[in-house]
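Topology and contacts: notes
Below, each chain spelled out in residue letters.
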Amino acid sequence: MPYIKPSQKNLPFSALLDLKSQKCGLRHTVFSASGNEYCGEWQDNKKHGKGTQVWGKCGAIYNGEWKFGKRDGYGTYSVLLPGKKEYERKYCGRWKNGKKHGYGTYFYSNSEVYEGGWSEDHRSGWGRMYYQNGDMYEGEWLKDKNHGQGIIRFANGNWYEGTWGDGKKNGNGRFCYSDKGQLYEGFWVDGVAKCGTLSDFGRDEAPTPTKYPIPQIHLVDMQLVLREAQSAYLGHYS
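Residues numbered from 1 in each chain as written. Predicted model: local features only at pLDDT ≥ 70, side-chain atom pairs only at ≥ 80, totals over all residues. Heavy atoms only, no water.

In the annotation of an unreviewed UniProt entry, the chain is listed under the name MORN repeat-containing protein 3 and assigned to Lates japonicus. A UniProt comment under Subcellular location (unreviewed entry) is attached to the chain, and it reads "Cytoplasmic vesicle, Secretory vesicle, Acrosome". (UniProt positions renumbered as here; feature names shortened; annotations may be inferred.)

**Describing the overall build of the chain**
In terms of regular secondary structure, the chain is built from 2 helices and 16 strands. Taken across its 238 residues, the chain has 31% of its residues classed as buried. Sequence separation of at least 24 residues holds for 8% of the intrachain contacts in the chain that already meet a minimum separation of 6. For the chain, the exposed area adds up to about 15700 Å²; of that, 54% sits on carbon and sulfur atoms. (Helix = DSSP H or I, 4+ residues; strand = E, 2+ residues; numbered from the N terminus. Buried < 20%, exposed > 50% of the residue type's maximum accessible area, 1.4 Å probe, protein only. Contact = heavy atoms within 4.5 Å. Areas by Shrake-Rupley, 256 points an atom, 1.4 Å probe, with all protein chains shown as cover.)

**Description of the packing of aromatic side chains**
Inspection of every chain in the model, using the stated rule, returns 19 aromatic pairs. Consider the rings of Y137 and W141, whose centres lie 5.2 Å apart with planes at 85°: the pair is edge-to-face. Among the residues examined, W141 registers a relative accessible area of 5% and is labelled buried. The ring centre of Y91 lies 5.8 Å from the NZ or CZ of K100, which sits over that ring. The ring of Y114 carries R123 above its face, with NZ or CZ at 5.8 Å from the centroid. (Phe/Tyr/Trp six-rings, centres within 6.5 Å; stacked < 30°, edge-to-face > 60°. Lys NZ or Arg CZ within 6 Å of the ring centre and 35° of its normal.)

**Points about unusual backbone geometry**
The backbone phi angle of F68 is positive, close to 50°, even though this residue is not glycine. Summarising the element assignment, F68 is placed in the loop between β5 (61-67) and β6 (70-80). Given the relative accessible area of 46%, F68 is considered partly exposed. You will see that D190, though not glycine, has its phi angle at about 50°, which is positive. Relative to the elements of secondary structure, D190 occurs in the loop between β15 (182-189) and β16 (192-200).

**Details of the environment of F187**
Topologically, F187 is positioned in strand β15. Accessibility expressed as a relative area gives 39% for F187, which makes it partly exposed. Considered as a pair, F187 and G171 are 16 residues apart in the sequence and their alpha carbons are 5.2 Å apart. When neighbours within four sequence positions are excluded, F187 is seen to be in contact with G171, N172, V192, A193, K194 and C195.

**A word on the side chain of R71**
Mapped onto the fold, R71 is located in strand β6. For the buried R71, no salt bridge exists, and the shortest N-O distance to an oppositely charged side chain is 6.6 Å, to D121. With residues up to four places along the chain from it excluded, the contact list for R71 reads W55, Y62, E65, W66, Y77, W95, K96, N97, G98 and K99. (Lys, Arg positive; Asp, Glu negative; His and termini not counted. Salt bridge = Lys/Arg side-chain N within 4 Å of Asp/Glu carboxyl O.)

**With respect to the environment of I61**
Following the sequence through the fold, I61 ends up in strand β5. Between the alpha carbons of I61 and Y87 there is a distance of 8.3 Å; along the sequence they are 26 residues apart. When neighbours within four sequence positions are excluded, I61 is seen to be in contact with T52, Q53, V54, W55, T76, Y77, S78 and Y87.

Quick look at the structure:
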């Protein structure tokens, strides 16, 4: 029970009751009218420190650190499985101001998991995503989308490594067709290859290689080609 100062003893009875009900320090389980319950530490009538919150309507549970009434620090969030009395862990990691923030792991399902950085409930920074179909992306994220440098390895053995923007291949990158034994290197715009080169790469080990290898092409006179290109360029702007 909070300490009542001598100067506060002359307050109205209702005000004294309110002071006495202020929660501070470690308490037993506190129930609310909405069906929620909290057991843990308090400060200035707010959840502060370590504690466990159970939401009655959705059956979710959070166990971890709090700061001034919000999840803040390290904690685990779990949900109640429909028709069962078992909890399934959904997120385990850092929180800030009530949102996932920092390093953490989110379980979308048993076979689809993200581990890495978060910012205000969004996947941001470096992270690794395991998809349900067997694909795996590792690299940079921004607001839940692949953004920056990263590599994705597909379940069939193919992979792409390079620049991403807004969840799509954007910029320079390499796409390896491991099944065919070919490698494309070039420039991408919104997931579409725009300009680049295609060459044989691991063709002998490929399970389904192309019927014929890509022929090697050599310029007979590289300097002549360069001079002609420069002449065409200068003539266009003269």
